[in-house]
Amino acid sequence: MITWINTYCHHYGLPGAIPEVNGKPWNLTARQFRRTLAWYIARRPGGVIAGAVQYRHLGIQMFEGYAGTSDSGFRAEVEAEQSMQRGEHLLALTTDHQHDLSGPAAHEAAARLADFHHRTGFTGSVVTDPARLRRVLARHDPEVYPGTYVTCVFNPDKALCRPRSAPGGRAGPVPHDCQPLECRNVALTADNTTTLATEADRIDHRLRARPVLPPLLHAGLARRRDAIHAFLTANGTAQ
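Residues numbered from 1 in each chain as written. Predicted model: local features only at pLDDT ≥ 70, side-chain atom pairs only at ≥ 80, totals over all residues. Heavy atoms only, no water.

Draft legend 1. Structural detail: the sheet that holds strand β2 (residues 151-153). Ordered in space as β1-β2-β3, the three strands form an open sheet in which the pairing is antiparallel. Each edge of the sheet is formed by a strand with only one pairing partner; in this case those strands are β1 (144-146) and β3 (186-187). (Pairing = 2+ DSSP bridges. Helix = DSSP H or I, 4+ residues; strand = E, 2+ residues; numbered from the N terminus.)

Structure representation (structure tokens):
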């Protein structure tokens, strides 16, 4: 691994090569990557809780400390990267004219995205500089959160995910508590509806497969499939 990294860095003229120690290659062990693994777990939705389980820590705060404390900048870096990724996604929705949305919050999403586009566009071009995009998000965040199954148009008064304000910050959606088929904050892109329809088809295939599922599990999956179909039909997106 060290040889590959050093060859890659040398070939592309990059810093970050792993130097020798006392004239010998550094001795890598799996234990040295535990913090790296914690970093990637924490970046996923609900990752802090998952990390606390995986690492068998007694409290979420312990995992946060292991993955990186606020003093180390870990949380701030993760939040900044997530914000930038969301900002780039929102720009794609507005500049590529992909914001043909459906769902309970479709009109609100369209209005917010139009305003966001107005604030990020200037003299015929759009924001491409990360620093400027970060400033725009800080001042004019439309609070639209693209997701795999739904696009959240966040309104804390309607949210079913029990949002809580972070210390010194504002409330935001809680992805692992999302109830996409019931929440009124939901808007749907074409990708969202395709994903939901695929999920319903996957459930239907499992229900018809052999061996037959236990009755309780079969009934629960059938309700989930029917709820997805009803949701898509009600929002004019049945597939």
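That covers the picture; the talk isn't over yet.
Draft legend 2. Spotlight on the nonpolar core. Core analysis: the largest hydrophobic core is formed by 15 residues, its most contacted members being Val186, Leu188, Leu196, Leu207, Ile228, Phe231 and Leu232. Looking at this core, the elements with two or more residues in it are α8 (190-208) and α9 (215-234). Counting residues per element, this core draws most heavily on α8, which supplies five residues. (Core = buried A, V, L, I, M, F, W, Y, C linked by side-chain atoms within 4.5 Å. Buried < 20%, exposed > 50% of the residue type's maximum accessible area, 1.4 Å probe, protein only.)

Draft legend 3. View of unusual backbone geometry. At the junction of Arg210 and Pro211, the peptide bond is cis and its omega measures out at 5 degrees in the coordinates. Its place among the elements puts Pro211 in the loop between α8 and α9. You will see that Asn22, though not glycine, has its phi angle at about 55 degrees, which is positive. Inspection of the secondary structure puts Asn22 in the loop between α1 (2-12) and α2 (34-42).

Draft legend 4. Representation of the environment of Cys152. Along the chain, the position of Cys152 falls in strand β2. Taking the C-alpha atoms as reference points, Cys152 and Ala187, 35 residues apart in sequence, are found 6.3 Å from one another. Excluding its chain neighbours within four sequence positions, the residues that come into contact with Cys152 are Glu143, Val144, Tyr145, Pro173 and Asn185. (Contact = heavy atoms within 4.5 Å.)

Draft legend 5. Quick look at the packing of α8 against α9. Between α8 and α9, the least distance of the axes is 9 Å, while the angle of their chain directions is 150 degrees. It follows from the interaxial angle that α8 and α9 lie roughly antiparallel. Read as a crossing pair, α8 and α9 show a hand that is left-handed. Of the residues in α9, those touching α8 at Thr193, Leu196, Ala197, Glu199, Ala200, Ile203, Asp204 and Leu207 are His218, Leu221, Ala222, Arg224, Arg225, Ile228, His229, Phe231 and Leu232. In terms of residue class, the contact of α8 with α9 is built from 10 nonpolar, three polar and four charged. (Axes fitted to C-alpha atoms, helices over the stretch in contact; angles between N-to-C directions. Parallel < 35°, antiparallel > 145°, perpendicular 65-115°, else oblique. Left-handed = near helix turned anticlockwise from the far one by under 90°. Nonpolar A, V, L, I, M, F, W, Y, C, P; charged D, E, K, R; others polar.)

Draft legend 6. Structural view of the pattern of salt bridges. For the structure shown, the criterion picks out five salt bridges. Of the charged contacts, one joins Glu199 and Arg202 as a salt bridge, the two residues approaching to 2.4 Å between their closest N and O atoms. You can see Glu199 and its partner Arg202 sitting in helix α8, three residues apart, about one turn around the helix. As a salt-bridge pair, Arg225 and Asp204 come within 2.8 Å of each other at their nearest N and O atoms. (Salt bridge = Lys/Arg side-chain N within 4 Å of Asp/Glu carboxyl O.)

Draft legend 7. Fine view of a nonpolar patch on the surface. The grouping of Met1, Val21, Trp26, Leu28 and Phe33 at the surface amounts to a nonpolar patch, some 460 Å² of accessible area in total. In this structure, Phe33 sits in the loop between α1 and α2. (Patch = residues over 30% accessible without salt bridge, like charges linked within 9 Å, V, L, I, M, F, W, Y side chains within 5 Å. Areas by Shrake-Rupley, 256 points an atom, 1.4 Å probe, with all protein chains shown as cover.)

Draft legend 8. Region of interest: the side chain of Glu199. The exposure class assigned to Glu199 is buried, which follows from its relative accessible area of 17%. When residues no more than four places from it in sequence are discounted, the contact partners of Glu199 are Tyr149 and Ile228.

Draft legend 9. Main features of the packing of aromatic side chains. By the definition in use, this model includes three aromatic pairs. Ring plane angle 15 degrees and centroid distance 5.2 Å describe the contact between Trp4 and Tyr8, whose orientation is recorded as stacked. One end of the pair is Trp4 and the other is Tyr8, both in helix α1 and four residues apart, which spans about a single turn. Using a relative accessible area of 60% as the deciding quantity, one classes Trp4 as exposed. Measuring from ring centre to ring centre gives 6.5 Å for Tyr145 and Phe154, while their planes differ by 90 degrees; the resulting arrangement is edge-to-face. The exposure class of Phe154 is buried, given its relative accessible area of 2%. Every member of this aromatic cluster is reached through a ring pair, and the members are Trp4, Tyr8 and Tyr12. (Phe/Tyr/Trp six-rings, centres within 6.5 Å; stacked < 30°, edge-to-face > 60°.)

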